[in-house]
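Single-letter residue listing:
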Amino acid sequence: MKTIWTLFWSFLKIGAFTFGGGYAMISLIEREVIERRRWIDCDEFLELLTLAQSVPGPISLNTSVFVGYKMKGYAGAIAAVAGAVLPSFIIIILIAIYF
């Protein structure tokens, strides 16, 4: 079932366990949305990835936006981006507090 929370948690896991930048996240996003969850097929993902590369901004966030939007509209896009960004944001805030 494709719910907003499922989108959020899927992208939260991807954001929390990815090291190496936006391009490193692409393979994890692909594995999650195509192989594990079967939300979209491979050709559709490649179209979304091509679109994500053509707009300005980090490719991982653009891909998150487009996959989330494809699944659940604007709410899905917000949930996917929040999930992808939140782990890094929390880590940076914790580092800033201790410095």
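Up top you'll find the structure we're talking about.
All of these numbers come straight from a predicted model, not from anything done at the bench. (Residues numbered from 1 in each chain as written. Predicted model: local features only at pLDDT ≥ 70, side-chain atom pairs only at ≥ 80, totals over all residues. Heavy atoms only, no water.)

Enquirer: Where do I start with the side chain of Glu32 in this structure?
Expert: Turning to its location among the elements, Glu32 is positioned in helix 2 (residues 22–36). With sequence-adjacent residues up to four places away left out, Glu32 is seen in contact with Ser10, Lys13, Ile14, Arg37 and Arg38. (Helix = DSSP H or I, 4+ residues; strand = E, 2+ residues; numbered from the N terminus. Contact = heavy atoms within 4.5 Å.)

Enquirer: Sorry, what's going on with the nonpolar core here?
Expert: Nonpolar side chains in soluble globular proteins tend to be buried together. Residues Phe11, Ile29, Val33, Ile40, Phe45, Val67 and Met71 are the most contacted members of the largest nonpolar core, which totals 20 residues. Elements with a minimum of two residues in this core: helix 1 (4–16), helix 2, helix 3 (42–54) and helix 4 (59–98). With six residues, the top contributor of residues to this core is helix 4. Beyond its immediate stretch of four places on either side in the chain, Val67 contacts Phe11, Val33, Ile40, Phe45 and Leu48. (Core = buried A, V, L, I, M, F, W, Y, C linked by side-chain atoms within 4.5 Å. Buried < 20%, exposed > 50% of the residue type's maximum accessible area, 1.4 Å probe, protein only.)

Enquirer: So what exactly am I meant to see when it comes to the packing of aromatic side chains here?
Expert: For any pair of aromatic rings, the description rests on two quantities: the centre-to-centre distance and the angle between the ring planes. Evaluation of the coordinates by the stated rule reveals three aromatic pairs. Where Phe8 meets Trp9, the ring centres are 5.5 Å apart and the plane angle is 75 degrees; that geometry is what we call edge-to-face. Overall, Trp9 belongs to the partly exposed group, its relative accessible area being 47%. Aromatic rings pair up to connect Trp5, Phe8 and Trp9 into one cluster. (Phe/Tyr/Trp six-rings, centres within 6.5 Å; stacked < 30°, edge-to-face > 60°.)

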